[in-house]
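If you want the building blocks of each chain, they are given just below.
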Amino acid sequence: MAPSPTAPDDPEHPADRMRLLRIAREAVTAAAARQPAPPLDLASFSEWLRSTRASFVTLTHAGALRCCIGALRAAQPLALYVQEHAAAAATEDYRFPPV
């Protein structure tokens, strides 16, 4: 039997998408306040969020590009990469002033 398209380790699982969004928002908020991002408890994440994957984070404002940072090479767990790229997008995209 094929796995359900909304299995917990599926990239389309709503809980994983919401968790990534929360991780990114917390990282941007911390970066804007010049604080480190909150620690992540990877053991509590799904296998998909713990797996080594590439990520790219884009921030928009009023529907327009605000900044974006990412990597096409998978180098660390997805949750950590999204956190790192969200903070970098908020503060290090040379095309835009920091958030």
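Refer to the preceding data block for the structure.
Residues numbered from 1 in each chain as written. Predicted model: local features only at pLDDT ≥ 70, side-chain atom pairs only at ≥ 80, totals over all residues. Heavy atoms only, no water.

*Asks:* Just give me the short version of helix α1 (residues 14–32), but keep the residues and values in it.
*Replies:* Because each turn of an α-helix spans 3.6 residues, side chains separated by three or four positions in sequence point in the same direction. With 19 residues, α1 should cover 27 Å at 1.5 Å per step; its first-to-last C-alpha distance of 27 Å lies within 8% of that length. Here α1 has its buried residues at Asp16, Leu20, Ile23, Ala24, Ala27, Val28, Ala30 and Ala31. Buried residues of α1, viewed axially, fall in a sector of 165 degrees; they line one side. Away from its buried face, by an angle of more than 90 degrees, α1 presents the exposed residues Arg25 and Thr29. The inward-facing, buried residues of α1 abut α2 (47–50), β1 (52–61) and α3 (78–92). Count one or two residues on from α1 and you reach arginine 34, which has phi positive near 60 degrees. (Helix = DSSP H or I, 4+ residues; strand = E, 2+ residues; numbered from the N terminus. Expected span 1.5 Å × (residues − 1). Buried < 20%, exposed > 50% of the residue type's maximum accessible area, 1.4 Å probe, protein only. Arc of directions from axis to C-beta. Contact = heavy atoms within 4.5 Å.)

*Asks:* Account for the pairing of β1, with residues named and values stated.
*Replies:* Both β1 and strand β2 (residues 64–77) contribute to a ladder of 9 bridges, which runs antiparallel. Its bridge partner lying in β2, threonine 60 is registered against leucine 65. Between the antiparallel neighbours β1 and β2 lie 2 residues, among them alanine 62 with a positive phi of about 55 degrees. (Pairing = 2+ DSSP bridges.)

*Asks:* Describe in detail the environment of leucine 80, supporting the description with residues and values.
*Replies:* Note that leucine 80 resides in helix α3. Judged by its relative accessible area of 26%, leucine 80 is partly exposed. Separated by 28 residues in the primary sequence, leucine 80 and threonine 52 place their C-alpha atoms 9.4 Å from one another. Apart from residues no more than four positions distant in its own chain, leucine 80 is found in contact with Leu40 and Leu42.

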